[in-house]
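Observations on the model geometry
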Amino acid sequence: MKAVVLEKQHEIAVREVENDLVVGPGQLRIAPHTVGICGSDVHYYTHGRIGRYVVEAPMILGHEASGTVLEVGEGVEDFAVGDRVAMEPGVPDLSSRA
Ligand SMILES: [Zn+2]
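Everything in this summary refers to the structure shown in the same document.

**Comments concerning the overall build of the protein chain**
Helices and strands together make up the secondary structure of the protein chain, namely one helix and eight strands. In sequence order, the protein chain lays out its α and β elements as β-β-β-α-β-β-β-β-β. C-alpha extents for the protein chain along the principal axes are approximately 40 × 25 × 25 Å. Looking at the protein chain as a whole, 19% of its 98 residues qualify as buried. Contacts in the protein chain between residues at least 24 apart in sequence constitute 59% of all its contacts with a sequence separation of at least 6.

Below, the structure written as structure tokens:
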């Protein structure tokens, strides 16, 4: 899939990224339709950091999005394939490499 990637401070690229993640229990796969670029994204671009969070590796920008649910993980009961959703992921999965 294509993504907007902050390669490093002051350098953004639109490029292909791997998307081989498996939908796990309690998770959804969502096809984004619209993605916002918020102040934190701009801050990472202009300053290369926000406080103690430093851009040390390429980072996909845009974490506030709307889209359609493509796949529902085990145990998910409140969403179904085809649902239109908006998201602002505020709880990171620290085991995720993405
Ligand atoms: Zn934000």
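**Some details on the coordination of the zinc ion**
Donor atoms from the polypeptide that coordinate the zinc ion comprise Cys38 (SG), His63 (NE2) and Glu64 (OE), at 2.1 to 2.3 Å from the metal. Spacing between the donor residues of the zinc ion along their common chain follows C-x24-H-E. With Cys38 in the loop between β3 (28-36) and α1 (39-47) and His63 in the loop between β6 (59-60) and β7 (64-72), this pair connects stretches of sequence that are 25 residues apart. For Cys38, a relative accessible area of 16% gives the class buried.

**Focus on a nonpolar patch on the surface**
Among the surface-exposed residues, Val4, Ile12, Val14 and Tyr45 lie close enough to one another that they form a single nonpolar patch of about 330 Å² accessible area. Structurally, the position occupied by Tyr45 is in helix α1.

**Some details on the sheet that holds β3**
Sheet architecture is open: three strands sit in the order β3-β7-β8, paired in antiparallel fashion. Of all strands in the sheet, those bounded by a partner on one side alone are β3 and β8 (84-87). When the angles between neighbouring strand axes are averaged without regard to direction, this sheet yields 35 degrees. Sheet topology places β7 next to β8; four bridges connect them, and they run antiparallel. By the bridge assignment, Thr68 is partnered in β8 with Arg84.

**Overview of the sheet that holds strand β2 (residues 11-16)**
Strand order in the open sheet formed by three strands is β2-β1-β6, and the pairing between neighbours is antiparallel. Only two strands of the sheet have a single partner each, and these edge strands are β2 and β6. Here two bridges tie strand β1 (residues 2-8) to β6, and the two strands are oriented antiparallel to one another. The residue of β6 that forms the bridge with Val5 is Ile60.

**Some words on the pattern of salt bridges**
Using the criterion set out here, one finds three salt bridges in the structure. With a shortest N-O distance of 2.6 Å, Glu7 and Arg15 are connected by a salt bridge. The class for Arg15 is partly exposed, based on a relative accessible area of 31%.

Rules of the game
Residues numbered from 1 in each chain as written. Predicted model: local features only at pLDDT ≥ 70, side-chain atom pairs only at ≥ 80, totals over all residues. Heavy atoms only, no water. Helix = DSSP H or I, 4+ residues; strand = E, 2+ residues; numbered from the N terminus. Buried < 20%, exposed > 50% of the residue type's maximum accessible area, 1.4 Å probe, protein only. Contact = heavy atoms within 4.5 Å. Donors = N, O, S within 2.8 Å, 3.2 Å for Na, K, Ca; no water. Patch = residues over 30% accessible without salt bridge, like charges linked within 9 Å, V, L, I, M, F, W, Y side chains within 5 Å. Areas by Shrake-Rupley, 256 points an atom, 1.4 Å probe, with all protein chains shown as cover. Salt bridge = Lys/Arg side-chain N within 4 Å of Asp/Glu carboxyl O. Pairing = 2+ DSSP bridges. Axes fitted to C-alpha atoms, helices over the stretch in contact; angles between N-to-C directions.

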